Amino acid sequence: PGRFEELLGEPQLLLVTGITLALCSRASFEHLCRWVDRHRDGCRVVFDCNFRKRLWDSEAEARDRIGRFEQLASVIATGAEDEKALWGAADTAQIIRRVSRWSAEYLIRGGPAGCWIGCGPECQHVPTEPVTVIGDTAGAGDAHLAAYMAARVSGLGRADAAAYANKAAAVIVG
């Protein structure tokens, strides 16, 4: 635990993904949660669901850890595919209802439909420009979140940051 504190120092932003949580031992996960709880006033904690079923011992464990960590996060990022696979979400409205239960800002990636952003029940759809030729989509979600957070840290509001993120993801897939 001391090395963990030493390694992280006092960051202003920490990004944790579902992959991170899947790779944590039980003790490491508990330590990470305690660290986040102690530091969330001074550190914006961004959580990207990034669900990869094969990394988890069970879906129940994934739902437990991811659900617990989302309650600690300042920003929750997720996508329609992850939400369907992990939580059984049938549509965006169900995803919004689930992630809006907490006080975190949220970003829901919807692929060609754009994204939805909000905090609590306040939600806004930000459409994206159509991409005419779709190449490899690998990395588009990561680029989307990176662009969104870079824009937010630079002072842009949620809607402008989401529009910027949509453009970044379009470059990756186009």
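The preceding data block contains the structure.
Anyway, here's the lowdown on the structure attached to this text.

1. Some remarks on a nonpolar patch on the surface
A surface patch of nonpolar side chains, amounting to about 260 Å² of accessible area, comprises Leu13, Leu15 and Val153. As for its position among the elements, Leu15 is in strand 1 (residues 13-17). Leu15 sits in the partly exposed class, given a relative accessible area of 46%.

2. Observations concerning the pairing of strand 3 (residues 75-79)
Extensive coverage of strand 3 is indicated by the burial of five of its five residues. Burial of strand 3 is two-sided: the residues Val75, Ala77 and Gly79 facing one way and the residues Ile76 and Thr78 facing the other way are all buried. With three bridges connecting them, strand 2 (residues 44-48) and strand 3 associate as parallel partners. Following the sheet pairing, Phe47 is matched in strand 3 by Ile76. In this fold, the crossover linking strand 2 to strand 3 by way of helix 4 (residues 59-72) has right-handed handedness.

3. Examining the packing of helix 7 (residues 140-153) against helix 8 (residues 158-173)
Between helix 7 and helix 8, the least distance of the axes is 8 Å, while the angle of their chain directions is 150°. You can see that helix 7 and helix 8 cross each other, and the crossing is right-handed. Contacts between helix 7 and helix 8 involve Ala140, Ala143, His144, Ala147, Tyr148, Ala151 and Arg152 on the former and, on the latter, Arg158, Ala161, Ala162, Tyr164, Ala165, Asn166, Ala168, Ala169, Ile172 and Val173. For the contact of helix 7 with helix 8, the class distribution of residues is 13 nonpolar, two polar and two charged.

4. Examining helix 4
Here helix 4 contains 14 residues, and its C-alpha end-to-end distance of 20 Å stays within 8% of the 20 Å for a straight helix at 1.5 Å per residue. Residues of helix 4 that are buried include every one of Ala62, Arg65, Ile66, Gly67, Phe69, Glu70 and Leu72, and no others.

5. Observations concerning the packing of helix 3 (residues 26-39) against helix 4
For the pair helix 3 and helix 4, interaxial distance at closest approach is 10 Å and the crossing angle is 15°. The pairing of helix 3 with helix 4 is recorded here as roughly parallel in orientation. As helix 3 packs across helix 4, the resulting crossing turns out to be left-handed. For the pair formed by helix 3 and helix 4, the contact residues are Arg26, Phe29, Glu30, Leu32, Cys33, Val36 and Asp37 on the first element and Arg65, Arg68, Phe69 and Leu72 on the second.

Calculation criteria
Residues numbered from 1 in each chain as written. Predicted model: local features only at pLDDT ≥ 70, side-chain atom pairs only at ≥ 80, totals over all residues. Heavy atoms only, no water. Patch = residues over 30% accessible without salt bridge, like charges linked within 9 Å, V, L, I, M, F, W, Y side chains within 5 Å. Areas by Shrake-Rupley, 256 points an atom, 1.4 Å probe, with all protein chains shown as cover. Salt bridge = Lys/Arg side-chain N within 4 Å of Asp/Glu carboxyl O. Helix = DSSP H or I, 4+ residues; strand = E, 2+ residues; numbered from the N terminus. Buried < 20%, exposed > 50% of the residue type's maximum accessible area, 1.4 Å probe, protein only. Pairing = 2+ DSSP bridges. Right-handed = clockwise from strand over helix to strand, strands pointing away. Axes fitted to C-alpha atoms, helices over the stretch in contact; angles between N-to-C directions. Left-handed = near helix turned anticlockwise from the far one by under 90°. Contact = heavy atoms within 4.5 Å. Nonpolar A, V, L, I, M, F, W, Y, C, P; charged D, E, K, R; others polar. Expected span 1.5 Å × (residues − 1). Parallel < 35°, antiparallel > 145°, perpendicular 65-115°, else oblique.

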